[in-house]
Amino acid sequence: MSWTKKILRVNLTNGEVAEEPLNMDWAAQYIGQRGLGTRYLVEETDPTCDALGADNKLIFATGPLTGTAVSTGGRYSVICKSPLTGAVACSNSGGFFGAELKSAGWDMIIFEGKAGSPVRLHIENEKAEIIPADDLWGKTVWETDKLIHAAVQDPQVRVAAVGRSAEAGCLYSAIINDLHRAAGRSGVGTVMASKNLKAVSVRGTRGVGNIKDPVRFMKSVAEQKQVLAENAVTGQGLPALGTQVLMNVINEVGALPTHNMRDVQFEGANNISGEAMLEARESDGKPNLTTNAACFGCTIACGRISTIDKGHFTVENKPEYWGNSGGLEYEAAWALGAATGVDDLDTLTYANFVCNEDGMDPISFGATVGAAMDLFDLGAITTEDTGGMDLSFGSSEALAWCVEKVAAGEGFGKEIGMGSKKLCEKYGHPGLSMSVKGQEFPAYDPRGIQGMGLTYATSNRGACHLRSYTVASEILGIPEKTDPLETEGKAGLVKAFQDATAAVDSMGLCVFTTFAWSLDNMAPQMDAACDGEWTVERLVEAGERVWNLERDYNMKAGLTGADDNLPARLLKEAAKTGPAEGKVCGLDEMLPEYYSLRGWTPDGQVTRETRQKFSLPA
Amino acid sequence: MQITVKMFATLMEYLPEGAVKNTIQVQVEDRTTPYQVIDQYRVPRSEVHLVLVNGVYVDEKSRDLPMKPNDTLAIWPPVAGG
């Protein structure tokens, strides 16, 4: 089993809270979390609905292995229609909230409708209550967390909340749990705020029972934890330097998007790298990195906990930022740094803190600031538009100013909060938005890592690295090395990564396990925990089903194959330096083969045969 | 000839004195290979996973091939991120 087999349905319009059974036929097909949550979204919403209207639903979903002893089994996802892309949104978070929700006895919460005034939901095991939250509206995530803990007087309550940016309508607002873990991308926080839902707090003491074969399960869990411990990446590399170890790697291979993707290498990369986070600062003699940290049940512990120099201009006289908090991960460091040309580690850490404090996706935020700086450089945005702020590339002051303005939803921050697509359209240069389906790129330039071009173009939630992380193969040689500058063979590679990742995301596990584990390592744990027989083949099939379900939702929402595209800058402007010098992304060499491998039409539509193969809903 | 040597992540400890930001420029014999440099600085080959010369991946069987003047050799242990 491992599923609790219970859903909590919360109608925010009429204030009703109800328990209902989980659809176990769907669980057998879509596993849980990402897959199962999307199945419910497809069943219960019109894909053409207004993402910020009452008809959109907001689903918090755990996986069957969430809250169990499997390493990294603490994940949950938030699923809804995205206000940033108009496509399906599915944002995955770690920390402790997901496991707590599962331990309270719930596989999933489905929020529907819209509250008439601000509310929050509080869960204690089987009891769930909607509570007025007028006092929390206008507060940051950090303030909200503190006030809820003060109200319930239980330090073990876990809180997921939205900040002021979401209330102000920033389209890439995140849901932050445990102060600095995020369901980060695609504006799931914006949807939450649109429902007048400020926070969800949960305390669960039931644990996760119903393991199918407890003895075999614990034996398998112990064996696979050993695999993670003995692997050099998951046992040593990630705990020591975190994901930030990639900054110098990706810069060296010439695939670090810089200055809104004008360049593929950043002169200041080393200053904002994982290695730099270990160095003592000249100013106060302390390193940026305080310690690493782990999410629930994780034996990797890649998380970064950092501090800012108290004398730094961003935090002078602001003691609320002087303590330890969630530090820079690679994607955030890239977006806040290389994309904007800012190479000051403390400024980046400050911007990251504020993104956590007020719930913004640092990837979309940083990339949008990069686009704004590009527009400023061209003269399309001026100081008249910004109210006096100089948005030159490389300006720490501009970055810190932007993050404060977006967090508070003030002035020009409203425009940065719309995301790069709307910003660049407004100022007359739509081609300068480095996005797919309206969502900003992460930290890999497809001119230098060709498979990531196809990954971004076909990602069901808009540009995203976590839907098929071919960087592992193309750069890092995991599971085997492929040439990053070649397009041949990448269609199959991307499809394989997409299907496997969809399965991982649906079980409740962290994708970082895949640096040491394949589905061969996960299937025995899943099989020992859950009803039915769970083989590698079944997991791959379920992953492919999830991918097609998401695609089908997007097509019904109005997207087409034409949305599987990249900005002209990546298709026509060649890389200027590094191994990829002279190259553009060869998307057109990969996309037709990809569609064919997917069993889709040449224009990217899911065929009747594919729909039947995976028993997709009508 | 002169080359640039870079060591990252847990291999930083093998960097010689004078290295700045993981980087040092050194004089080596003409036709020196990546493995000769790695051995010279006593970096255990078993700890070296990713080897780049001018940003291009060098597989294990090619790490005995000579480098050119002004090449940049960069090395890492097994690393990953996301």
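Residues numbered from 1 in each chain as written. Chains lettered and ligands numbered in written order. Predicted model: local features only at pLDDT ≥ 70, side-chain atom pairs only at ≥ 80, totals over all residues.

1. Comments concerning helix H18 (residues 450–458) of chain A
The line we're drawing: Buried residues are those with 20 or more other C-beta atoms within 10 Å of their own C-beta, exposed residues have 12 or fewer, and partly exposed residues lie in between; C-beta atoms are placed from the backbone. Strands are runs of DSSP state E lasting at least two residues, helices are runs of H or I lasting at least four, and both sets are numbered from the N terminus onward.
Among the 9 residues in H18 of chain A, 9 count as buried, and that is most of the element. Within the span of H18 of chain A, buried status applies to Gln450, Gly451, Met452, Gly453, Leu454, Thr455, Tyr456, Ala457 and Thr458 of chain A.

2. Examining the interface of chain A and chain B
Threshold: What counts as a contact here is a pair of residues whose C-beta atoms, placed from the backbone, lie within 7 Å. Three residue categories are used. Nonpolar comprises Ala, Val, Leu, Ile, Met, Phe, Trp, Tyr, Cys and Pro, charged comprises Asp, Glu, Lys and Arg, and polar comprises the others, including Gly.
Taken together, the contacts link 31 residues of chain A with 21 residues of chain B. Elements represented by at least two residues in the side of chain A that touches chain B include exactly helix H8 (232–241) and helix H9 (246–252) of chain A. Tallied by class, the residues present in the side of chain A that touches chain B amount to 19 nonpolar, 9 polar and 3 charged.

3. Here we look at the domain arrangement of chain A
All names here are of chain A. Spelled out, the test is: Domain extents, as shown, originate in an automatic or database domain assignment.
When cut into domains, chain A gives domain 1 (6–203), domain 2 (247–252 + 258–433) and domain 3 (448–613). Contact residues are listed per partner, giving 35 residues for domain 1 and 24 residues for domain 2. Only helix H4 (141–152), helix H5 (164–167) and strand S10 (175–177) provide two or more residues apiece to the side of domain 1 that touches domain 2. With 4 residues, the single largest contributor to the side of domain 1 that touches domain 2 is H5. Considering only residue class, the side of domain 1 that touches domain 2 consists of 17 nonpolar, 14 polar and 4 charged.

4. Looking at the packing of helix H20 (residues 490–507) of chain A against helix H22 (residues 536–557) of chain A
All names here are of chain A. Test applied: Whenever a helix is involved, its axis is fitted only over the stretch in contact; in every case the axis is a line through C-alpha atoms, and angles between N-to-C directions fall within 0 to 180 degrees. Angle categories: roughly parallel below 35 degrees, roughly antiparallel above 145, roughly perpendicular from 65 to 115, and oblique for all the rest.
For the pair H20 and H22, the least separation of the axes is 7 Å and the interaxial angle reads 95°. On the basis of the axis angle, H20 is roughly perpendicular to H22. Mapping the contact onto sequence places Gln498, Asp499, Ala500, Ala502, Ala503 and Ser506 in H20 and Leu539, Val540, Ala542, Gly543, Glu544, Val546 and Trp547 in H22. Residues belonging to the contact of H20 with H22 are distributed by class as follows: 8 nonpolar, 3 polar and 2 charged.

5. So, the sheet that holds strand S3 (residues 50–53) of chain B
All names here are of chain B. We apply this condition: Pairing between strands is defined by DSSP: at least two bridges between them are needed.
Strand order in the open sheet formed by 5 strands is S2-S1-S5-S3-S4, with mixed pairing between adjacent strands. Of all strands in the sheet, those with a lone pairing partner are strand S2 (23–27) and strand S4 (56–57), marking the two edges. Taken together, the 4 bridges between strand S1 (residues 2–7) and strand S5 (residues 72–76) define a ladder with parallel strand orientation. Directly across from Lys6, in S5, lies its bridge partner Ala74.

6. Some details on the packing of helix H12 (residues 345–358) of chain A against helix H15 (residues 396–408) of chain A
Helix-helix packing is described using two parameters, namely the angle between the two axes and the distance between the axes. All names here are of chain A. Contact geometry for H12 and H15: axes closest at 10 Å, N-to-C directions at 5°. By the angle class used here, H12 and H15 are roughly parallel. Two secondary-structure elements touch here, H12 through Thr347, Tyr350, Ala351, Val354, Cys355, Glu357 and Asp358 and H15 through Ser396, Leu399, Ala400, Val403, Glu404 and Ala407. In the contact of H12 with H15, the residues fall into 8 nonpolar, 2 polar and 3 charged.

7. Notes on the pairing of strand S5 (residues 88–93) of chain A
Residues and elements named next belong to chain A. Burial analysis of S5 places 6 of its 6 residues in the buried class, the great majority of the element. With burial as the criterion, each face of S5 is covered, one bearing Val88, Cys90 and Asn92 and the other bearing Ala89, Ser91 and Ser93. Here strand S4 (residues 76–81) runs beside S5; their pairing, made up of 6 bridges, is antiparallel. What sits directly across from Cys80, in S5, is Ala89. Here S4 hands over to S5 after 6 residues, with Gly86 in that stretch at a positive phi of 75°.

8. Some remarks on the sheet that holds strand S11 (residues 181–183) of chain A
Residues and elements named next belong to chain A. Taken in spatial order, the 6 strands line up as S8-S7-S12-S9-S10-S11 in an open sheet, and their pairing is mixed. For this open sheet the edge positions go to strand S8 (127–132) and S11, each flanked by a neighbour on one side alone. Neighbour-to-neighbour, the strand axes of this sheet turn through a mean angle of 20°, independent of strand direction. As paired elements, strand S9 (residues 158–161) and strand S12 (residues 197–203) share 4 bridges and run antiparallel to each other. By the bridge assignment for S12, Arg158 is matched with Val202.

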